[in-house]
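One letter stands for each residue in the lines below.
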Amino acid sequence: MAELVPQICGPVLLPGDPGFAEEVAGFNLAAVHRPDLVVGADDTGDVITAVQWAAAHDEPVGVQATGHGADLPMEGGLLLTTRRMQELVVDPVRRCARIGAGVRWGSVIDAIAPHGLGVLNGSSTHAGAVGYTLGGGLPVLGRVFGFAADWVRALEVVTPDGRLRAVDAEHEPELFALLLGGKGNLGIVTTMTLELFPLGPLLGGGIFWPGEDAQEVLAAFSRWAPGLPAAASTSVALRWMPRSAEVDPRVARRQVVHLRFCWVGDPEEGRRALEPMRSTGRPLLDTVAPLDYRRIDRVHLDATQPGLYVLTGEFLRDFDAAALAALLQHAGPGTQCPLPEVGIRLMGGALAGPGARDDAVTGRDAAFFLELIGRLSPGVAERTPPALAAILRALAPWSTGRAFVNLHGMPGGESERARAWSEEVYARLVRAKAVYDPQNLLRFQHVVGQVR
Ligand SMILES: Cc1cc2nc3c(=O)[nH]c(=O)nc-3n(C[C@H](O)[C@H](O)[C@H](O)COP(=O)(O)OP(=O)(O)OC[C@H]3O[C@@H](n4cnc5c(N)ncnc54)[C@H](O)[C@@H]3O)c2cc1C
């Protein structure tokens, strides 16, 4: 390892070195990585050098930007952290942005919003733009514009042989397609070029009801949501609200039903579309109003503090009265369900369209996405996995049979991991993995082909 240090611009740290624990830590504290060494990459050159060194020493490689997707702990190997790779170049005329591996969505939005342009960030702009997009990227505005992966023009990627490749729909198209939705299976992406789009006025926010109103509100949601035009993106969650600066005291520290709503276009039309939910039950709070794009996190109000989380889910073909009953039986008020959040996102609209090009994204055939968040902190850690499993089992009759790689928790064996893709895409991923990663260097997190 001594020979690596002078070749790398960023820090190279071993367990026990000052700064090692901070370097490997991320947003999700549930997975504590214990690599043999961590390389804090400053730039693409550092990534190439580290991967070449790892390949020569048969040292497996993991990658982490923010740790929002640190679902599985990494034991041994070389962890590449990309948080210093903050390149961000916006070209408002050509409507594209070049985004480094460590950039968070929040920085991208701050840079493009003044130009009236948009991207397809997820519910938390604290997540990394590259890691999220490689997992397909299920966005807040997905029903209008599709998956984040649909808007990628080009990637620069260091494959496990240590080569830097510039890939797009014309150059190495199979690798490009499988990186978009295939997540970290085939290489370490150093920069991503995204197409931006003009973004008109937004109406967005949430409506909150007491948790006891879950049956009435979720039933109304299941009737109302499927008829919405694509301009509306929405989800609903039964959740325990924390006390934090972002959360209104009227709903803090209690169980609520939280409807999230975002409308792109004429706000008056958006208000009309929302009316059936506004007149349902007795809302505690309604924050839906014209929304500054830079405040888009106000729609979902995701956790912003690191914690011991598990996020998982399943695509559903329907969310009818029987599915609602099954959900409430396991997660409704009074069930002692330990999960802080059990949600249903509406799919469809542009999410159902064909991708802009060939890719590895899953979920275009789904009507809804069941989204579950658990905590693995002391006190609930033992109750969380069985609660997640019970809800997934109860909703299995409505499942499309597919999971979403970005929100797939801690998938166990190969067959469970394979469910994050269609059979055809999974087979292509396994073939590509054997070609690009014959040493199986990229074996951490949600990777395929581990049964050899
Ligand atoms: C609060 C919260 C809200 C979320 N909301 C959404 C949402 O609305 N929609 C959605 O789709 N997802 C959502 N996610 C999931 C999120 O998209 C994934 O966790 C994603 O992996 C985050 O990327 P990251 O780089 O920040 O995470 P990291 O933990 O840093 O990386 C996770 C994985 O991404 C891959 N990866 C990261 N960087 C690279 C790279 N440069 N090259 C190759 N692979 C890389 C690797 O497999 C890595 O293990 C959410 C997660 C959280 C915690």
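Small disclaimer: the values here were computed from a predicted structure and weren't measured.

**Some points on the overall build of the chain**
Now for step 1: Check the secondary structure of the chain and you find 13 helices and 19 strands.
Now for step 2: With respect to the three principal axes, the spread of C-alpha positions in the chain is 65 × 50 × 40 Å.
Now for step 3: In the chain, once contacts between residues fewer than 6 apart in sequence are set aside, the share between residues at least 24 apart is 74%.
Now for step 4: Counting every atom, the chain has about 17200 Å² of accessible surface; 54% of that belongs to carbon and sulfur.
Now for step 5: Averaging the positions of the 41 positive and the 50 negative side-chain charges in the chain gives two centres separated by 5 Å.

**Thoughts on the sheet that holds strand S3 (residues 61-64)**
Now for step 1: The mixed open sheet is built from 4 strands, whose spatial order is S1-S2-S4-S3. Only two strands of the sheet have a single neighbouring strand rather than two, namely strand S1 (12-13) and S3.
Now for step 2: Looking at chain direction, S1 and strand S2 (residues 37-40) are connected through 2 bridges and run antiparallel. Along S2, the bridge assignment pairs Val12 with Val39.
Now for step 3: Strands in contact with helix H2 (residues 44-56) are S2, S3 and strand S4 (78-81); relative to S4, the strand with the most contacts, it is inclined by about 170°.

**Side note on the pairing of strand S6 (residues 96-100)**
Now for step 1: The buried fraction of S6 is high, at 4 of 5 residues.
Now for step 2: Pairing analysis gives 4 bridges linking strand S5 (residues 88-91) to S6, with the strands arranged antiparallel. Paired with Asp91 across the two strands is Cys96, which belongs to S6.
Now for step 3: In the sheet, S6 pairs with strand S10 (residues 188-195) via 5 bridges, with the strands oriented antiparallel. Counted as the bridge partner of Ile99 is Met192 from S10.

**Overview of the packing of aromatic side chains**
Now for step 1: Tallying each qualifying case throughout the model produces 14 aromatic pairs.
Now for step 2: Ring geometry for Phe221 and Trp224: centres 6.1 Å apart, planes at 55°, overall tilted. Of this pair, Phe221 and Trp224 both sit in helix H7 (residues 214-224), 3 residues apart, which is roughly one turn of the helix.
Now for step 3: Centroid distance Phe369 to Phe404: 6.2 Å. Interplanar angle 75°. Geometry classified as edge-to-face. Of the two residues, Phe369 sits in strand S19 (residues 368-375) while Phe404 sits in the loop between helix H11 (384-394) and helix H12 (414-418), which places them 35 residues apart along the sequence. You'll find Phe369 and Phe404 in the same group, each marked buried.

**Observations regarding the domain arrangement of the chain**
Now for step 1: The assigned domain composition of the chain is domain 1 (11-81), domain 2 (88-198) and domain 3 (202-407).
Now for step 2: Relative to domain 2, the C-alpha centre of domain 1 lies at a distance of 22 Å.
Now for step 3: Residue-level contacts link 12 residues of domain 1 with 14 residues of domain 2.
Now for step 4: Across the interface of domain 1 and domain 2, roughly 990 Å² is buried in total on both sides, 76% from carbon and sulfur atoms.
Now for step 5: Counting the surface domain 1 buries against domain 2, the share from its top three residues, Thr44, Thr66 and His68, is 39%.
Now for step 6: Run the count over domain 1 and domain 2 and you get 0 salt bridges.
Now for step 7: Joining domain 1 to domain 2, the criterion identifies 1 residue pair in polar contact (both at pLDDT 80 or more).
Now for step 8: Ranked by residues supplied to the side of domain 1 that touches domain 2, first place goes to H2 with 6 residues.

**Some thoughts on the site of the ligand**
Now for step 1: What surrounds the ligand is a group of 33 residues, the closest being Ala65, Thr66, Gly69, Gly128 and Arg345.
Now for step 2: Between the ligand and the protein, one listed contact pairs an oxygen atom with a backbone N or O atom of His68 at 3.2 Å.
Now for step 3: One of the side-chain nitrogen or oxygen atoms of Lys183 is found 2.8 Å away from an oxygen atom of the ligand.
Now for step 4: Relative to its free-state accessible area of 940 Å², the ligand is covered by the protein chains to the extent of 96%.
Now for step 5: The biggest single contributor to the shell around the ligand is helix H4 (residues 129-134), with 4 residues.
Now for step 6: Its residues assigned to classes, the shell around the ligand shows 15 nonpolar, 15 polar and 3 charged.

**Observations concerning the UniProt feature "domain: FAD-binding PCMH-type" (unreviewed entry) in the chain**
Now for step 1: This chain's UniProt record puts "domain: FAD-binding PCMH-type" (unreviewed entry) on residues 31-199.
Now for step 2: Secondary structure content for residues 31-199 is 22% helix and 27% strand, and the end C-alpha separation is 37 Å.

**Things to note about the packing of H7 against helix H10 (residues 321-331)**
Now for step 1: Between H7 and H10, whose axes approach to 10 Å, the crossing angle comes to 150°. In this structure, H7 meets H10 at a crossing whose hand is right-handed. Contacts from Ala214, Gln215, Leu218 and Ala219 of H7 reach H10 at Leu324, Leu327 and Leu328.
Now for step 2: Residues belonging to the contact of H7 with H10 are distributed by class as follows: 6 nonpolar, 1 polar and no charged.

**A few points about the sheet that holds S6**
Now for step 1: Strand order in the open sheet formed by 5 strands is S5-S6-S10-S8-S9, and the pairing between neighbours is antiparallel. Strand pairing shows two members of the sheet lacking a second neighbour, S5 and strand S9 (164-168), which therefore form its edges. The average angle at which neighbouring strand axes cross in this sheet is 10°, direction not considered.
Now for step 2: Pairing analysis gives 6 bridges linking strand S8 (residues 152-158) to S10, with the strands arranged antiparallel. Residue pairing in the sheet places Val152 in a bridge with Leu194 of S10.
Now for step 3: Across the sheet, H2 touches S8, S9 and S10, and the angle it forms with S10 is around 145°.

Each value, and the rule that gives it
Residues numbered from 1 in each chain as written. Predicted model: local features only at pLDDT ≥ 70, side-chain atom pairs only at ≥ 80, totals over all residues. Heavy atoms only, no water. Helix = DSSP H or I, 4+ residues; strand = E, 2+ residues; numbered from the N terminus. Contact = heavy atoms within 4.5 Å. Areas by Shrake-Rupley, 256 points an atom, 1.4 Å probe, with all protein chains shown as cover. Lys, Arg positive; Asp, Glu negative; His and termini not counted. Charge placed at Lys NZ, Arg CZ, Asp CG, Glu CD. Pairing = 2+ DSSP bridges. Axes fitted to C-alpha atoms, helices over the stretch in contact; angles between N-to-C directions. Buried < 20%, exposed > 50% of the residue type's maximum accessible area, 1.4 Å probe, protein only. Phe/Tyr/Trp six-rings, centres within 6.5 Å; stacked < 30°, edge-to-face > 60°. Domains from an automatic or database assignment. Buried area = accessible area lost by both parts, 1.4 Å probe. Salt bridge = Lys/Arg side-chain N within 4 Å of Asp/Glu carboxyl O. Polar contact = N/O pair within 3.5 Å; in protein donor to acceptor, adjacent residues only side chain to side chain. Near = heavy atom within 4 Å. Nonpolar A, V, L, I, M, F, W, Y, C, P; charged D, E, K, R; others polar. UniProt positions renumbered as here; feature names shortened; annotations may be inferred. Left-handed = near helix turned anticlockwise from the far one by under 90°.

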